[in-house]
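# Report on the structure
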Amino acid sequence: MKKLMIILILGIVSCTPDDGDPTVFCDNSTSEFQTLYQNMISAGHTDNVTYDTEIHEYTFMLSTTKEVCEIGYQSQTGIAATPYVIEIVDNTTANTIYTGSHTFTATGTSYVTPTVAINLQAGISYTVKRIQTNWGANIGNTIGRLATTNTMSFPYTNGIMTITGSNFHQNGGPAIDFGVPYIDIIFK
């Protein structure tokens, strides 16, 4: 009887969801974007840190409805303590559905958790923007990591994510479809 009671208790405990940790299902070790970006590099695109404009953005669609649980970016050394604004725009309605001010490390891609839930619907066009207007006296502080080549050929697809275009603008540019900026989006 004791063994049966222990087995029953263990069964109930192991089936109970962990509601205390909202990042349980958020894994930034791999993502649709990371694989898409790496596939671009493997196909001959160059992984560069360049393009000194205040806004780096790309437009994308998902084939499955998802929730954003983390956003990844890498700061420039000269402004590592300066927040970037991350925005996500629903291009169907022209509404900004997320705006957050975040700092990122300069030594590699680091991740932040959005301050509100961001639910992205399948089949809707969205734009994710990295905005840096507080770059001090050096416009070079606005450069960022991107995949580029002389023959960009949108769309780029991996799994549920398709990147349909990009833009680098404000205080420079515009450079439409010049490359894909490394702004990682993690879904759960």
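Presented here is an overview of the structure given in this document.

### Examining the overall build of the chain
- Scanning the chain for helices and strands turns up two helices and 14 strands.
- Of all 188 residues assigned to the chain, the portion counted as buried reaches 43%.
- Summed over all atoms, the accessible surface of the chain reaches about 9,600 Å², with 54% contributed by carbon and sulfur.

### Focus: unusual backbone geometry
- Cis rather than trans, the peptide bond between phenylalanine 154 and proline 155 has omega equal to 5°.
- Residue position: proline 155 is located in the loop between β9 (144-148) and β10 (156-158).
- At the junction of glycine 173 and proline 174, the peptide bond is cis and its omega measures out at 5° in the coordinates.
- Considering the arrangement of structural elements, one finds proline 174 in the loop between β11 (161-169) and β12 (175-176).

### Details of the state of the cysteines
- Under the criterion given, the structure shown has one disulfide.
- One disulfide in the model links cysteine 26 with cysteine 69; its S-S distance is 2.0 Å. Judged by the sign of its S-S torsion, about 85°, the cystine formed by cysteine 26 and cysteine 69 is right-handed. On the criterion of sequence distance, the pair formed by cysteine 26 in the loop between α1 (2-14) and α2 (32-42) and cysteine 69 in strand β3 (residues 66-73) is long-range, its members being 43 residues apart.

### Observations regarding the sheet that holds β9
- The strand order across the open sheet formed by three strands is β1-β9-β13, and the pairing between neighbours is antiparallel. Among the strands making up the open sheet, the edge pair consists of β1 (46-50) and β13 (179-181). Ignoring strand direction, the axes of neighbouring strands in this sheet form an average angle of 35°.
- Where β9 lies against β13, three bridges are found, and the strand directions are antiparallel.

### Concerning the environment of glycine 140
- Position of glycine 140 relative to the elements: it lies in the loop between β8 (126-131) and β9.
- Overall, the relative accessible area of 26% leaves glycine 140 in the partly exposed class.
- As for glycine 140 and aspartate 52, which are separated by 88 residues in sequence, their C-alpha atoms are 5.5 Å apart.

### A closer look at the packing of aromatic side chains
- Considering all chains together, one arrives at 13 aromatic pairs under this definition.
- Three or more aromatic residues joined by ring pairs make a cluster, and in this case those are Phe33, Tyr37, Tyr58, Phe60, Tyr126 and Tyr182.
- Lying across the ring of tyrosine 182, arginine 145 places its NZ or CZ 4.2 Å from the centre.

### A short note on the pairing of β11
- Among the nine residues that make up β11, seven are buried, leaving the element largely enclosed by the rest of the structure.
- Inspection of the sheet shows strand β2 (residues 55-62) paired to β11 by eight bridges, in the antiparallel sense. Each residue of the ladder has a partner; that of threonine 59, found in β11, is glycine 165.
- As paired elements, β10 and β11 share three bridges and run antiparallel to each other. The residue of β11 that forms the bridge with threonine 157 is threonine 162.
- Between β10 and β11, which pair antiparallel one after the other, the connecting turn spans two residues, and glycine 159 there sits at a positive phi close to 55°.

The rules behind each value
- For every chain, the first residue of the written sequence is number 1, and numbering continues from 1 onward in sequence order.
- Side-chain atom pairs in this predicted model are given and counted only at pLDDT of 80 or more, local residue features only at pLDDT of at least 70, and totals for whole chains, interfaces and linings cover all residues.
- The basis for the side-chain values is all heavy atoms of the structure; hydrogens and waters are excluded.
- Per the convention used, a helix needs a DSSP run of H or I reaching at least four residues, while a strand needs a run of E reaching at least two, with both numbered from the N terminus.
- Relative accessibility under 20% of the residue-type maximum defines a buried residue, over 50% an exposed one, and the middle range a partly exposed one, all with a 1.4 Å probe and only protein chains included.
- For every accessible area listed, the method is Shrake-Rupley and the probe measures 1.4 Å; residues are considered covered only by the protein chains on display.
- In plain terms, two cysteine sulfur atoms within 2.5 Å form what is called a disulfide here.
- Whether two strands pair comes down to DSSP finding at least two bridges between them.
- The angle between two axes is taken between their N-to-C directions and runs from 0 to 180 degrees, where each axis is a line fitted to C-alpha atoms and a helix contributes only its stretch in contact.
- Any two of the Phe, Tyr and Trp rings considered here, Trp counted by its six-membered ring, make a pair once their centres fall within 6.5 Å; the pair's planes then place it as stacked at under 30 degrees, edge-to-face at over 60, or tilted in between.
- Placement of a charge over a ring requires the Lys NZ or Arg CZ to be within 6 Å of the ring centre, with the centre-to-atom vector within 35 degrees of the ring normal.

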